[in-house]
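Spelled out, the chains give:
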Amino acid sequence: MKEYGKSTPVVVVGLLMLVIHRAGAQEVVVEAPSSPSLTVGFSYPTGGLGNEGVYLYNGYQLWAEQVNDRGGVNVQGQTYFIRLLAMDDNTDQDQTEQNYRTLESPCDYFLGPYGSSFSERAAAVAEELGIPMVLSNAASNAVYENGYENIVSVVTLASDYCPPAIRMYASEGARRFYVAHSSRGFAAEVAEGCIAAIAGDADFVLTGLESYDSTISLVQAEAVVEAAWLSASHVLLSIGLLDDGEPMVVAEALSSYTPYGFFMTSAPGNPDFIDNVGSRANYLVGPSQWAPQLEGYSDSFWGTSANYKTTYEARYNSNEDDFDEVSFIAASASAAGTVLHLALESASSTDSADVLASLKALDTEIFYGPVRFSGSGSNEAKEIVLTQVIDEVIQVVYPPEHESADLIYPLPAAAARATAAAVPFLTLLLHVLLR
C-alpha cells in the first residue's frame, strides 16, 4: 500500500491561489508552508455552475488554510501540512472525470466536485484508483447505490429532504398536500421521498401531483398554483431546481390563493434568490444542508455555525464579487475537509486503506451537524435543516432543538407580504403575452 506525504519536499511559497480558469489545468489553491505534506485534490465548475463552483472552491480553500495556519494535521505524532490542488471542469462531466484521473498522481486524497451527477462520475474514478474521497455536495441517492467502497459524504440524502417538512406542517395541523416537481433526477428523488411521507399517514391527503420537464415556466407555475387552490390544499410543495423558484413565487403573487404553507427546494436557502425576488421570498420554507443560524452543533476546530460564518466572511469580505456571504455549499465543502482532517488524526497511518477505515468509523459532531456513515457512504446521522425566509433573512425553523426562529404558519395573505415588492412590470407583461 502507498504511504503518503513523506517523499516529496515542498517549496515554501505561502498560501497561494492561482486563478487560472482553464479546464484541464492544475491550480495550487493552498500551498503547504513546509514539509512533510499531504496533497488533496478536487474539481470545481466554472461556466454554467460557476457560482456554485466559487462557493465550493472557497469552502475547500478556507479549510486547508485554517488547517495550515493552526499547525497542520497530526497523524500518529507526525505533523503534516495540506497542499490543496484544484482543476476546473467547466461544468462538463467528462472533464470532471478526466480531472480526477489527472489528479491521481499528485494527490493522496480527493474531495468531491459540485453536484450529484458530477460526483457520481468522480466517485467511479476514486473507486477505480483506490483513493479515498469525501463528497460535499452530492445528495442524490443514486450516487450511493453503486456499491463504491472509497467514498463517504457529509450531506443528507435527497429522499430525506421532504419528510421532515411533512412532519413539521402536520404538527401545525396541515393534512392536505399538493406536490409539483421536476422530473430531473435529484428533484424526482426528493419528490419520491415526499410522496412516500404523505402516503405513510392515513390522515394525509395528496391533493394533486404535477410533474414537469426541466425548468417550470410561468404558465405552468400558474396552473400548479390554481390546481392547489381548487383542491383546497393546505401546503404547496414545489420540488425543483433553483431556476424554478422565481416562476413559482410570481405565480403565487399573481393569484388570489395563499397556501397555509409554501415549501420549495433549492431557492429559499439561496441568498442570491432572496436578493432577486426581495420580500416575495418571505415565509417560503425550504430544505438546506446547513444554515449559519443553525443552533446547537459545534466542534473544537470551527466552533459553532455562527463562528464558521464569521470566519468565512472575514476571509472573503474583500472580494469584489457576490461570494463574500457564506453559502451552505461552502459550508458543505469545509465540512468535507473537516471530516478528512478528523479521519487522518484518528488513523494509524496516512496510508489510503487506514484513512478510509478511519473515515468509515467516524461517529462525531461538527459545526455542520452529526456525522456517521452508512455502509454505502452516505451520512445517516444528519437530518435536513428546514429554513424559512423571515424579513428576507434565512432562519432555521426545524428541527425544533436547533431552530433560530419559530415557524410562521399559516402564511400571511399574499397581498400583505407583496406590498413592498410588486411583481416587476416586465414579468407582468410577459404574463399577459403568454396568456
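Up top you'll find the structure we're talking about.
So, here is what we can say about the structure in this document. (Residues numbered from 1 in each chain as written. Predicted model: local features only at pLDDT ≥ 70, side-chain atom pairs only at ≥ 80, totals over all residues. Heavy atoms only, no water.)

**Points about the overall build of the chain**
Okay, step 1: Summing up its helical and strand segments, the chain has 13 helices and 18 strands in all.
Okay, step 2: The 435 residues of the chain split such that 58% are buried.
Okay, step 3: Counted over contacts in the chain with a minimum sequence separation of 6, partners at least 24 positions apart contribute 69%.
Okay, step 4: Only carbon and sulfur atoms are counted for the fraction: they give 49% of the accessible area of the chain, which is about 16600 Å². (Helix = DSSP H or I, 4+ residues; strand = E, 2+ residues; numbered from the N terminus. Buried < 20%, exposed > 50% of the residue type's maximum accessible area, 1.4 Å probe, protein only. Contact = heavy atoms within 4.5 Å. Areas by Shrake-Rupley, 256 points an atom, 1.4 Å probe, with all protein chains shown as cover.)

**A closer look at the layout of surface pockets**
Okay, step 1: Each pocket or cavity is described by its volume, and for the largest pocket that value is around 1300 Å³.
Okay, step 2: Along the walls of the largest pocket sit 44 residues, with Glu-52, Tyr-114, Leu-241, Leu-242 and Ser-266 positioned nearest its centre.
Okay, step 3: Those elements that place two or more of their residues in the lining of the largest pocket are helix H1 (50-69), helix H3 (116-129), helix H5 (185-199), helix H7 (245-254), helix H8 (271-277), strand E12 (285-288) and helix H10 (328-346).
Okay, step 4: Here the lining of the largest pocket is built from residues that sort into 19 nonpolar, 19 polar and six charged. (1 Å grid on protein atoms, 1.4 Å probe; cavity = no way out; pocket = protein on both sides within 12 Å on 5 of 7 lines; lining within 4 Å. Points joined across faces, edges and corners; volume = space filled by probe spheres on them. Nonpolar A, V, L, I, M, F, W, Y, C, P; charged D, E, K, R; others polar.)

**A short note on helix H4 (residues 163-171)**
Okay, step 1: Taken across its nine residues, H4 has seven buried, putting it largely inside the fold.
Okay, step 2: When H4 is considered as a whole, its buried residues turn out to be Pro-163, Pro-164, Ala-165, Ile-166, Met-168, Tyr-169 and Ala-170.
Okay, step 3: A positive backbone phi angle near 105° is found at Gly-173, which sits one or two residues after H4.

**Points about a negative patch on the surface**
Okay, step 1: A cluster of acidic residues, Asp-275, Glu-325, Asp-391 and Glu-392, forms a negative patch on the protein surface.
Okay, step 2: Looking at where Glu-392 falls in the secondary structure, it is placed in the loop between strand E17 (385-390) and strand E18 (393-398). (Patch = residues over 30% accessible without salt bridge, like charges linked within 9 Å, V, L, I, M, F, W, Y side chains within 5 Å. Salt bridge = Lys/Arg side-chain N within 4 Å of Asp/Glu carboxyl O. Lys, Arg positive; Asp, Glu negative; His and termini not counted. Charge placed at Lys NZ, Arg CZ, Asp CG, Glu CD.)

**Here we look at the packing of aromatic side chains**
Okay, step 1: Applying the stated criterion across every chain, the model contains 18 aromatic pairs.
Okay, step 2: Relative to Trp-302, the ring of Phe-301 lies with its centre 5.0 Å away and its plane at 80°, an arrangement referred to as edge-to-face.
Okay, step 3: Classification of Phe-301 as buried rests on a relative accessible area of 16%.
Okay, step 4: Three or more aromatic residues joined by ring pairs form one cluster here, namely Trp-290, Phe-301, Trp-302, Tyr-308, Tyr-312, Tyr-316, Phe-367 and Tyr-368.
Okay, step 5: Here the basic side chain of Arg-70 rests over the ring of Phe-301, its NZ or CZ set 4.1 Å away from the ring centre. (Phe/Tyr/Trp six-rings, centres within 6.5 Å; stacked < 30°, edge-to-face > 60°. Lys NZ or Arg CZ within 6 Å of the ring centre and 35° of its normal.)

**Considering the pattern of salt bridges**
Okay, step 1: One pass over the full model with this rule turns up eleven salt bridges.
Okay, step 2: Between Arg-121 and Asp-94 there is a salt bridge, with the nearest N and O atoms lying 2.5 Å from each other. Placement of Arg-121 in helix H3 and of Asp-94 in helix H2 (residues 93-103) is noted, with a sequence separation of 27 residues between them.
Okay, step 3: The salt bridge involving Glu-97 is made with Arg-121; its shortest N-O contact spans 2.9 Å. With Glu-97 in helix H2 and Arg-121 in helix H3, the pair connects residues that are 24 residues apart, well separated along the chain.
Okay, step 4: By sharing partners, the salt bridges in this structure join Asp-94, Glu-97, Arg-101, Arg-121 and Glu-128 into a single network.

**Points about H2**
Okay, step 1: Considered for burial, the residues of H2 that qualify are Thr-96, Asn-99, Tyr-100 and Leu-103. When H2 is viewed along its axis, its buried side chains cluster within an angular range of 90° and face the same direction. (Arc of directions from axis to C-beta.)

**Describing the nonpolar core**
Okay, step 1: The biggest cluster of nonpolar side chains holds 110 residues, and the ones touching the most others in it are Phe-42, Leu-111, Tyr-169 and Tyr-308.
Okay, step 2: The leading source of residues in this core is H10, at ten residues.
Okay, step 3: Among residues more than four places away in sequence, those in contact with Leu-111 are Val-40, Gly-41, Phe-42, Tyr-60, Trp-63, Leu-84, Tyr-100, Met-133, Val-134, Ala-336, Gly-337 and Leu-340.
Okay, step 4: Ranked by size, the runner-up nonpolar core spans 27 residues in total, among them Leu-218, Ile-274, Tyr-283 and Leu-411. (Core = buried A, V, L, I, M, F, W, Y, C linked by side-chain atoms within 4.5 Å.)

**A look at the packing of H2 against H3**
Okay, step 1: Contact pair H2 / H3: the axes reach a minimum separation of 9 Å and the direction vectors enclose 30°. The angle between the axes of H2 and H3 places the two elements in the roughly parallel class. In the crossing of H2 with H3, the sense of the turn from one axis to the other is right-handed. Where H2 approaches H3, its residues Gln-93, Asp-94, Thr-96, Glu-97, Tyr-100 and Arg-101 are matched on the opposing element by Ser-117, Phe-118, Arg-121, Ala-122, Val-125, Glu-128 and Leu-129.
Okay, step 2: Taken together, the residues of the contact of H2 with H3 break down into five nonpolar, three polar and five charged. (Axes fitted to C-alpha atoms, helices over the stretch in contact; angles between N-to-C directions. Parallel < 35°, antiparallel > 145°, perpendicular 65-115°, else oblique. Left-handed = near helix turned anticlockwise from the far one by under 90°.)

**Things to note about unusual backbone geometry**
Okay, step 1: Ser-35 connects to Pro-36 through a cis peptide bond whose omega is 0°.
Okay, step 2: As for its placement among the helices and strands, Pro-36 is situated in the loop between strand E1 (26-30) and strand E2 (37-44).
Okay, step 3: Cis geometry marks the peptide bond from Tyr-398 to Pro-399, where omega comes out at 5°.
Okay, step 4: Turning to its location among the elements, Pro-399 is positioned in the loop between E18 and helix H12 (414-417).
Okay, step 5: You will see that Thr-91, though not glycine, has its phi angle at about 55°, which is positive.
Okay, step 6: One can find Thr-91 in the loop between strand E4 (78-88) and H2.
Okay, step 7: In this structure, Glu-392 takes a positive phi of about 65° despite not being glycine.
Okay, step 8: Judged by its relative accessible area of 41%, Glu-392 is partly exposed.

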